[in-house]
Amino acid sequence: MNHPMDLTAAVGGLSYLNPHAPEPWASFVEQIERVRPYLGELERWIETLKHPKRTLIVDVPIERDDGTVAHYEGYRVQHNLSRGPGKGGIRFHPAVTLNEVMALAGWMTVKNAAVGLPFGGAKGGIRVDPASVSKGELQRITRRFTSEIGLIIGPDRDIPAPDVGTNAMTMAVMMDTYSMNRGGTATGVVTGKPIALGGSLGRQEATGRGVYITAREAGRRLHLPIEGARVVVQGFGNVGGIGARLFHEAGAKVIAIGDHSGTWLNEGGIDIPAALAHVAAHGALLGFAGAEPVGIEDFWALPCEFMIPAALEGQITAARAERMRARVVVEGANGPTTPAADDILTDRGILVVPDVLANAGGVTVSYFEWVQDFSSFFWTEDEINARLERIMVQAFDAIWQVSQDKQVSLRTAAFIIACHRVLEARAERGLYP
Ligand SMILES: NC(=O)C1=CN([C@@H]2O[C@H](COP(=O)(O)OP(=O)(O)OC[C@H]3O[C@@H](n4cnc5c(N)ncnc54)[C@H](O)[C@@H]3O)[C@@H](O)[C@H]2O)C=CC1
Ligand SMILES: O=C(O)CCC(=O)C(=O)O
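Residues numbered from 1 in each chain as written. Chains lettered and ligands numbered in written order. Predicted model: local features only at pLDDT ≥ 70, side-chain atom pairs only at ≥ 80, totals over all residues. Heavy atoms only, no water.

- Naming follows an unreviewed UniProt entry, where the protein chain appears as Glutamate dehydrogenase of Denitromonas iodatirespirans.
- Comment text from UniProt for the protein chain, heading Sequence similarities (unreviewed entry), reads "Belongs to the Glu/Leu/Phe/Val dehydrogenases family." (UniProt positions renumbered as here; feature names shortened; annotations may be inferred.)

Printed below as a string of structure tokens:
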């Protein structure tokens, strides 16, 4: 399989993720522009956020099991390093582009600053379908990619973590490769590792848990209790699957779920443990008997209290936003709502808890993992969940307050707080040696 490097295709045009959505980087830049009027003197630094600090494109050649040589294209983008080392996940997906990774890195900058973590923003990815290669091939791809981006990552430089298509095992291979190349075990180079390699208790659940916590906090403001609430979840992997389970355990009725294989509805409430068991056994929801198939456009228009996009970018377009009947959208995914759709949802009185807040639980516990690795002292799961709860609730409160004070959306409020923190650090550091 060959993937010729085509930068023009990678940075321009419409999104592969949804032909009706703008490219992710264009959405990110528009979100940054919306903060301009609120930056005061820091406005002179705003262009900083529209220029990724460092962008590395790597060729990843491997020998396939049949003896042929295949090349994959990979990226690591460090969007901003003003507040600390880069931090953000690695995506393995057949249609990853530089444009997408740039946007995902930008959202990491904003997310880390919005919740007050001492990190910049980074993200990486390889254009590969993990399901299309053998286990051995995937390991060779991961090792070669890690060696290639080894130029710029490191425990005090830039710390990757899992994202779509990667997991704790991917992080184990990355940690091992980086350590072999350096001649010493460097647990702090990645987070989201297996517990036996310095991973943190609670990291696997952390993003879904953060989604649940922020949904609960939004529900409190709108007098929408979780118990008995109807919930719709798109994406049934790490974020969507665990998020759905936490809603289910708290007494909500998850009425519809979806993944890359289709969308399903059961108005009486889906048995989420059964759906998770089905995915664990078959790799996708396809064939799940506990609900009826429902068309994708009807799925997005289902009446519900909480809608949780937890798959990919650009899913909530203007057309879908016009028809949605959710009370609150809680963005488990990064960039699921286009700026045009955002405006429509706001006009229609549908509250959006933005990705840079709602899915920040994962990177928050990654931060805990990094700190634990440095100190070689590990916390209990209860300690981790209590600290996560505190950080998420504090961040929600602060963002809610700014949104009330300035009469802006929660997204713009989160961007205001984050951009102030990033640009203040940038300004304090100065331009010259
Ligand atoms: N894993 C983490 O800790 C974090 C993940 N996120 C974001 O959450 C989202 C999901 O990530 P993970 O759950 O980690 O990935 P994952 O790989 O565990 O699961 C992805 C899910 O999305 C589904 N999906 C893929 N393409 C789809 C399509 N075209 N339509 C509908 N469903 C589709 C897959 O079937 C799968 O159920 C991504 O936007 C990711 O960037 C955000 C913060 C942290
Ligand atoms: O845990 C991390 O470091 C990053 C997770 C991530 O990629 C994200 O929040 O989108």
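1. Quick look at the pattern of salt bridges
Then, in step 1: According to the stated counting rule, one finds 32 salt bridges in the structure shown.
Then, in step 2: Among the ionic pairs, K123 bridges to D163, the shortest N-O distance being 3.1 Å. You can see K123 sitting in strand β5 (residues 121–127) and its partner D163 sitting in the loop between β6 (158–159) and α5 (168–182), a full 40 residues away along the chain. A single burial state applies to K123 and to D163, both of which are buried.
Then, in step 3: Through salt bridges that share partners, R216, E217, R220, R221, E389 and D397 make up one connected network. (Salt bridge = Lys/Arg side-chain N within 4 Å of Asp/Glu carboxyl O. Helix = DSSP H or I, 4+ residues; strand = E, 2+ residues; numbered from the N terminus. Buried < 20%, exposed > 50% of the residue type's maximum accessible area, 1.4 Å probe, protein only.)

2. Some words on the domain arrangement of the protein chain
Then, in step 1: One can read the domain layout of the protein chain as domain 1 (26–187) and domain 2 (205–349).
Then, in step 2: Here domain 1 and domain 2 have C-alpha centroids that lie 26 Å from each other.
Then, in step 3: Each partner contributes residues to the interface: domain 1 has 12 residues there, and domain 2 has seven residues.
Then, in step 4: A salt bridge links D343 to R34; its shortest N-O distance comes to 2.8 Å. (Domains from an automatic or database assignment. Contact = heavy atoms within 4.5 Å.)

3. Remarks on the site of ligand 2
Then, in step 1: K87, G89, K111, K123 and S366 are the nearest of the 14 residues found near ligand 2.
Then, in step 2: Contact between ligand 2 and K111: an oxygen atom at 2.6 Å from a side-chain N or O atom of the residue.
Then, in step 3: Within the side chain of R203, an N or O atom sits 2.9 Å from an oxygen atom of ligand 2.
Then, in step 4: Coverage of ligand 2 by the protein amounts to 95% of the 300 Å² it exposes when considered alone.
Then, in step 5: Elements that contribute at least two residues to the shell around ligand 2 include exactly α3 (98–114) and α13 (361–375).
Then, in step 6: Ranked by residues supplied to the shell around ligand 2, first place goes to α13 with three residues. (Near = heavy atom within 4 Å. Polar contact = N/O pair within 3.5 Å; in protein donor to acceptor, adjacent residues only side chain to side chain. Areas by Shrake-Rupley, 256 points an atom, 1.4 Å probe, with all protein chains shown as cover.)

4. Here's the deal with the environment of I308
Then, in step 1: Take I308: it is sitting in strand β11 (residues 303–309).
Then, in step 2: Sequence separation of I308 and A215 is 93 residues, and the distance between their C-alpha atoms is 9.2 Å.
Then, in step 3: When near neighbours in sequence (up to four residues on either side) are disregarded, I308 contacts V211, V231, V232, V233, Q234, F247, V330 and G332.

5. Observations regarding the site of ligand 1
Then, in step 1: Taken together, 21 residues form the shell around ligand 1, and within it D163, T207, F236, H260 and N334 come nearest.
Then, in step 2: In the environment of ligand 1, an oxygen atom lies 3.3 Å from a nitrogen or oxygen atom belonging to the backbone of G237.
Then, in step 3: At 2.9 Å from an oxygen atom of ligand 1 is found a main-chain nitrogen or oxygen belonging to A311.
Then, in step 4: In isolation ligand 1 has 830 Å² of accessible area, and contact with the protein removes 84% of it.

6. A word on unusual backbone geometry
For residues other than glycine, phi is negative in most cases, and the peptide bonds are mostly trans.
Then, in step 1: The phi angle at S376 is positive, at roughly 50°, despite the residue not being glycine.
Then, in step 2: With respect to the helices and strands, S376 occurs in the loop between α13 and α14 (381–406).
Then, in step 3: Residue classification places S376 among the exposed positions, given a relative accessible area of 58%.
Then, in step 4: Backbone geometry at Q407 places phi at a positive 55°, although glycine is not the residue there.

7. Notes on the packing of helix α2 (residues 24–33) against α3
Then, in step 1: Axis separation between α2 and α3 bottoms out at 7 Å; the angle between their running directions is 30°. Our classification of the angle between α2 and α3 gives roughly parallel. On α3, the residues that touch P24, W25, F28 and Q31 of α2 are N99, E100, M102, A103, G106, W107 and V110.
Then, in step 2: Grouping the amino acids of the contact of α2 with α3 by side-chain chemistry returns seven nonpolar, three polar and one charged. (Axes fitted to C-alpha atoms, helices over the stretch in contact; angles between N-to-C directions. Parallel < 35°, antiparallel > 145°, perpendicular 65-115°, else oblique. Nonpolar A, V, L, I, M, F, W, Y, C, P; charged D, E, K, R; others polar.)

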